[in-house]
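Secondary and tertiary structure notes
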Amino acid sequence: MNPPQPLPILRYPDPRLHTVAQPVAAVDARIRDLIARMFATMYDASGIGLAATQVDVHERLIVIDVSETRDQPMVLINPEIEWSSPEKRKGEEGCLSVPGIYDGVERSIAVKVRALDGEGQSRVIDAEGMLAVCIQHEMDHLMGKVFVEYLSPLKQGRIKTKLVKAERDARR
């Protein structure tokens, strides 16, 4: 059996990144295949999280692996944040859809999330630190929001210009 093929990742400012994802109706063979391809895509791009929105599938599905050893894959289907800590911290974030750009974003330091796993079983995840940040970042994608939208309009404009130019140069 061949390994799953990575999918193309949408790049900011692609308007499809602003599509609000719909709930996954059933955890079936199609979704399991998508999960495998999303993990292949994320690992191939050296990412720690990937939302289906970023691969132009507008369903509420996230894959994450924040482990150093890249062997603790986590699947969140139809995730909902049940609780987030009032305490927030600003941390440096990057995004596979915004290559080469890193900036500070304020997020809750801990969250409790209810979601289905890759088998369709309901799970509650208590996350803190990097995992909490990653979950919040990826859930933003499901709502059609990219992390640069937390930045000033000036920074957003500079990032958009830089990425559009890089895309244009890459096509030459």
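Refer to the structure above for everything that follows.
Here's what I pulled together on the structure shown here. Please read all numbers here as calculations on a predicted model, not as lab measurements.

1. Some points on the nonpolar core
Counting residues in each nonpolar core, the largest one holds 17 residues, and the members touching the most others are Ile-35, Met-38, Leu-50, Leu-61, Val-63, Val-75 and Ile-77. Counting only elements with at least two residues in this core, the list comes to α1 (29–44), β2 (61–64) and β3 (74–84). Ranked by residues supplied to this core, first place goes to α1 with six residues. Grouped together as the second largest cluster of nonpolar side chains are 16 residues, Ala-21, Ile-64, Ala-115 and Met-139 included.

2. Overview of the pattern of salt bridges
This model, assessed by the stated rule, comprises twelve salt bridges. We note a salt bridge from Arg-16 to Asp-14, for which the minimum N-O separation is 2.6 Å. As a salt-bridge pair, Arg-60 and Glu-80 come within 3.6 Å of each other at their nearest N and O atoms. With Arg-60 in the loop between β1 (49–51) and β2 and Glu-80 in strand β3, this pair connects stretches of sequence that are 20 residues apart. Judged by its relative accessible area of 9%, Arg-60 is buried. Residue class for Glu-80 comes out partly exposed when judged on its relative accessible area of 47%. Sharing partners across several salt bridges, the network here consists of Asp-14, Arg-16 and Asp-56.

Quick notes on the rules
- Residues numbered from 1 in each chain as written.
- Predicted model: local features only at pLDDT ≥ 70, side-chain atom pairs only at ≥ 80, totals over all residues.
- Heavy atoms only, no water.
- Core = buried A, V, L, I, M, F, W, Y, C linked by side-chain atoms within 4.5 Å.
- Buried < 20%, exposed > 50% of the residue type's maximum accessible area, 1.4 Å probe, protein only.
- Helix = DSSP H or I, 4+ residues; strand = E, 2+ residues; numbered from the N terminus.
- Salt bridge = Lys/Arg side-chain N within 4 Å of Asp/Glu carboxyl O.

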